[in-house]
Amino acid sequence: MSNSFSEIPEYRVTRWETFAIATVAVLLTTIGAISVGWRFIGNTFTPERAEAMANHILDYSIPGGSKGVFSIQLSGAKVAFVNSKDSPPSTQLLIAKIPVNQATDTEWIEQFVTNSFLGEAEMNNRITTSDSDRRFQVTTSQTEEKILCHVKVPVVIQSGLLTQTNQSKPQMAVRYQMQVTQRNEEWIITLLTSGQTATQTADTIFQTLQCK
Amino acid sequence: MHDGTIPKENVALSLVGLSDQEVSARKAAGQINQAHLPSSRSYKQILRENLFTFINAVFLAISVVFVLLGRPSDSVFVAAVIFSGVLIGIVQEIWAKRKLDQIALLTRPQATVLRGGKTFSLDLSEIVLDDILLLKAGDQVLVDGEIVDTGRIEVDESLLTGESDLIPKSQGKSVYSGSFCVSGSAFYQAQKVGSETVAYQLTLGARAFRQVYTPLQQEINLLIRVLLLLACFLWILIAISFISRSQSINEVTQQAAVVAGLIPAGLLIAITIAYGIGSVRMLDRNVLIQQTNAVESLSNIDVLCLDKTGTLTTNEICLQQVEALALPETELRVVLGNYAASTTASNRTSEAILLACSGYTKSLLAEVPFSSDRKWSAIAFDDDLHSGTFVLGAPEVLAEKISLTTQQLDYIQQQAEQGLRVVLFAHSPQVISLEEEIVPQLPEKLTTWGILSFSDQLRASARETLQGFIEAGVVIKIISGDHPQTVAALAKQASFSDEIKVISGKTLAKMAPEQFAQAAVTHNVFGRITPEQKAQLVKSLRDAGHYVAMTGDGVNDVLSLKQANLGIAMESGSQATRSAADIVLLKDSFAALPQAFLEGQQIRNGIRDVLKLFLVRLSCIALLIFATAIVADSFPLMNKHSALVTLIGVGLPTTFIPLWAQPGTARSRQSLVRSMLHFYIPATITITFVALSVYLLYLVKALVDLPPDLELNQVDYGLPRTALVTILIFCELLLIPFLKPPKTVWIAAEPLSGDWRYSIVALLSGLVYLAILFISPWREFFELSPLSVLDTGFLGLIALEWCLIVRWTWRTRFFDRFLGINLRS
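Remember, it's a predicted structure, so these values are computed and weren't measured experimentally. (Residues numbered from 1 in each chain as written. Chains lettered and ligands numbered in written order. Predicted model: local features only at pLDDT ≥ 70, side-chain atom pairs only at ≥ 80, totals over all residues. Heavy atoms only, no water.)

Looking now at the sheet that holds strand 3 (residues 132-135) of chain B. All names here are of chain B. Taking strand neighbours across the sheet as the criterion, the 6 strands line up as 2-1-3-9-4-7 in an open arrangement whose pairing is antiparallel. Both outer strands of the open sheet, strand 2 (118-123) and strand 7 (174-175), are each paired with one neighbouring strand and no more. In this sheet, strand 7 lies alongside strand 4 (residues 144-147) in antiparallel orientation, the contact comprising 2 bridges. Residue pairing for strand 7: Gly145 is matched across the bridge by Val175. (Pairing = 2+ DSSP bridges. Helix = DSSP H or I, 4+ residues; strand = E, 2+ residues; numbered from the N terminus.)

Okay, structure coming up:
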């Protein structure tokens, strides 16, 4: 039996066939992307995972205990968000650990951690996209030198009124914003406490913060 | 064995040979011819050549490192993969060696030894120093010695000296083991036996294993060397990476092992198995393979040179007609009978004369035995009734001394055109003089006494056999020592060509080398060709780029057989011819040759198919190594993964491909390269792309699932690698139906095969892989991660989509057009 080229019949490939192949390829790619995206979203908003991430980044202690809200791990950067267990949460802690001197674009993570979320409402375990600064009306702002992770760092302490979506009355609130760099890694921490004892609680929690 | 016959000349010389006591004394003194004659490679050589190779050393080193790292299963796996190949190679070669030894034993020359006045047929190991041995035409000189009787012989010492001229030898002259007696007979005394003789070199040169690579083997060797270079390059990169990135030794060893897997050891195993199977199959068809690659080599031939006497004809001739010229036919027949009965060097012609004309053995004054080079023989009777010299020879040779009438010339021409071999019987009143060392010359004053016409019987299967080769595109050429017209007539009888272009040795001898080379290509019937012209013709054809096979049976064919790409000998041929040949046709089964040709094509096509699959796998792995390093800064596979991909994806199916391969027409080298590129490039690029996409998808999944307490560089590659192994195996197995399409739906790169067995093997291999993937201990042994049914199904769908994509690229000739490959030219 000969197997020369002349024995391979010419097959015409129709446009429909090409279109069908391309469609299936796009479909499979979409399925793959969706499955990864779905898993990413699932993992991001898994409370246990968020708390484990937060504990992995930093030692902290929130009075009455804490529960995770979300966590992300991207380009070597780890971001975790935890709340106190009361409802609405009186304490919110956003932590990020970013590798320094690495060829990864971590600027946006810094922006995200310093400017976002705090003061937003938690609804059905999901964060709304509203701008926190509108809800947290800062009345005083000062920078104090404090010891964080055995290093003296400038801590921005802001006081004001926090309006939570499910509360009609604004509450007194205190926000700590700080950054520390150790062992080629940068910790960015934002702590928000609200209620009558907001200042005390913020100070108590700050004392428990320890880089890992 | 006792023969009891003592040639008459030795009776005259009173040669008696050694006595039993003398033989015993020499045996006791160790003066015996017991040096082992190597008929093939030694066991030590086989082991050394299979074991001590660079690649084996690399695999062994990797294996040892795995043991030191406490990963014995990896170590065993590396060792098993490579050494199973080595083992198969050794077993195959030992099998071939034993076969060669067996053949050597079957064709081992028996010595005719004169002892105590009687001749004995003994094994050559029983020859002792000073033994008297008989040498006849076609015999091999077994020990070094000196001619001790009045017999005259002509010896072919070409295997010792390279000089193709026949050397006349007479009393007092030395003969050397390694040469062959071409004509005449004589006794010689053994002066050197055992290891002191040159028999070792003879056997090595004429019979022993000689490594001649076929074009396919050369291509594969080139590929292996290129891959070895690539592997060396990657090993250097791994070493640099080890130093600069402080990787663990385990990681580096795994990577080195995967890179080592780029060298296609399995391909060599597949080839070895294919050759082994071919040899066994051919043995059943009365074809003895003396060179392991001979069957595959046969499939490459485009010119087949046949020696008329041995191959086309039955080797039996009969005297058809006697045309008496100088005396009545009855008287002529008496003289002819006496001539044939008295010659000491009988041949087929003299035997045919003796059968037709009875005669008496008479004592001789002188004799010139027949040689194919000289083409005449002569006898001078020691008898007053038949005084002078009688010469029997080819008309064109005797024509130098005889003037033939136009009528006689027409008669000769007419007989030759009928396919008859014409010989002149002439007489000279002169008694031929035979001075030592001088090539015998025809006597003067020759008168033609008669014209003898002999007929050759065409073999029953000759016509069909030749037709089979012609249909396969093989050009047939007949190169014979007979008259050109006789050969041409036989060629017509065998209907081997529409256009018969005849040329004689004499015409060729007058040609310049360039004209000679041209004539070798343009003519297809060559008559009256001397042994060295035969060899020269074969060489010219090879120089013209042809792949030449030469068949032969006589000693005069040895040179041309060794000159050809493939030498084929008849079993009934001389010992020397069988020794020099790559293939021996047992029972002179010329009809088996087309079957061997088809078997060779089958082997070649099988190996090419295997080569395609191996090439795709190797290229995919190599590209993935580079691609994942660039895209994901990682190494795609572990040692066991790579072995699994090879074993399931290629190894298992390629075990069966050579078994079921079909014979097919040979393609030109250019066409072969285009065919390989047409299949290989789309398959490689698409598989690599799909596999890389799958790997990245599952790597992202692994990153998304990375436990919070782990860093990015601690990501578990288990799942991405498992997905990669799975998609690679799926795609490689799905490639098999494209290689051997069972239905038209799979036709894209190769023509319809209609054979479902390949696809079934692919399916079964896929099931074996799924079993490994889902049976926990097996999966753990191969260091695969659990893959859910959903994921496996998803990968299956991707593999099916890949099938559609690759079929689309083949059918639209997308890559062919891009690369400018014109498949139809």
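With 139 residues, the main nonpolar core has Trp235 and Leu728 of chain B as its most contacted residues. Looking at this core element by element, the count peaks at 19 residues for helix 24 (residues 592-631) of chain B. When residues no more than four places from it in sequence are discounted, the contact partners of Trp235 of chain B are Phe54, Ile55, Val58, Ala256, Val259, Ala260 and Ile263 of chain B. Of all hydrophobic cores here, the second largest spans 28 residues; its members include Trp187, Ile189, Leu191 and Ala198 of chain A. (Core = buried A, V, L, I, M, F, W, Y, C linked by side-chain atoms within 4.5 Å. Buried < 20%, exposed > 50% of the residue type's maximum accessible area, 1.4 Å probe, protein only. Contact = heavy atoms within 4.5 Å.)

Residue and element names in this part refer to chain B. A cluster of nonpolar residues, Phe233, Ile236, Leu237, Ile240, Phe626, Ile630 and Val631, forms a patch on the protein surface that exposes about 670 Å² of accessible area. When residues of the nonpolar patch are traced back to their parent elements, those giving at least two are helix 8 (215-244) and helix 24. With respect to the secondary-structure elements, Leu237 resides in helix 8. Assessed through its relative accessible area of 36%, Leu237 is described here as partly exposed. (Patch = residues over 30% accessible without salt bridge, like charges linked within 9 Å, V, L, I, M, F, W, Y side chains within 5 Å. Areas by Shrake-Rupley, 256 points an atom, 1.4 Å probe, with all protein chains shown as cover. Salt bridge = Lys/Arg side-chain N within 4 Å of Asp/Glu carboxyl O.)

Now for the sheet that holds strand 2 (residues 66-74) of chain A. All names here are of chain A. The 7 strands are arranged 2-3-4-10-9-8-7 in an open sheet whose pairing can be described as antiparallel. Looking along the sheet, the strands with just one partner apiece sit at the ends: strand 2 and strand 7 (136-148). The average angle at which neighbouring strand axes cross in this sheet is 15°, direction not considered. With 7 bridges connecting them, strand 8 (residues 151-162) and strand 9 (residues 171-182) associate as antiparallel partners. Bridge pairing in strand 9 links Ile157 to Tyr176. (Axes fitted to C-alpha atoms, helices over the stretch in contact; angles between N-to-C directions.)

Contacts between the two partners involve 43 residues from chain B and, on the opposite side, 35 residues from chain A. Interface area for chain B against chain A, summed over the two sides, is near 3,400 Å², with a carbon-plus-sulfur share of 58%. At the boundary of chain B and chain A, one finds 3 salt bridges. Lys78 of chain A is the salt-bridge partner of Glu711 of chain B, the closest N and O atoms lying 3.3 Å from each other. There are 12 residue pairs in polar contact (both at pLDDT 80 or more) connecting chain B and chain A. For the side of chain B that touches chain A, the secondary structure elements donating two or more residues are helix 26 (669-704) and helix 30 (789-811) of chain B. The element best represented in the side of chain B that touches chain A is helix 30 of chain B, accounting for 9 residues. Looking at side-chain class alone, the side of chain B that touches chain A contains 21 nonpolar, 10 polar and 12 charged residues. (Buried area = accessible area lost by both parts, 1.4 Å probe. Polar contact = N/O pair within 3.5 Å; in protein donor to acceptor, adjacent residues only side chain to side chain. Nonpolar A, V, L, I, M, F, W, Y, C, P; charged D, E, K, R; others polar.)

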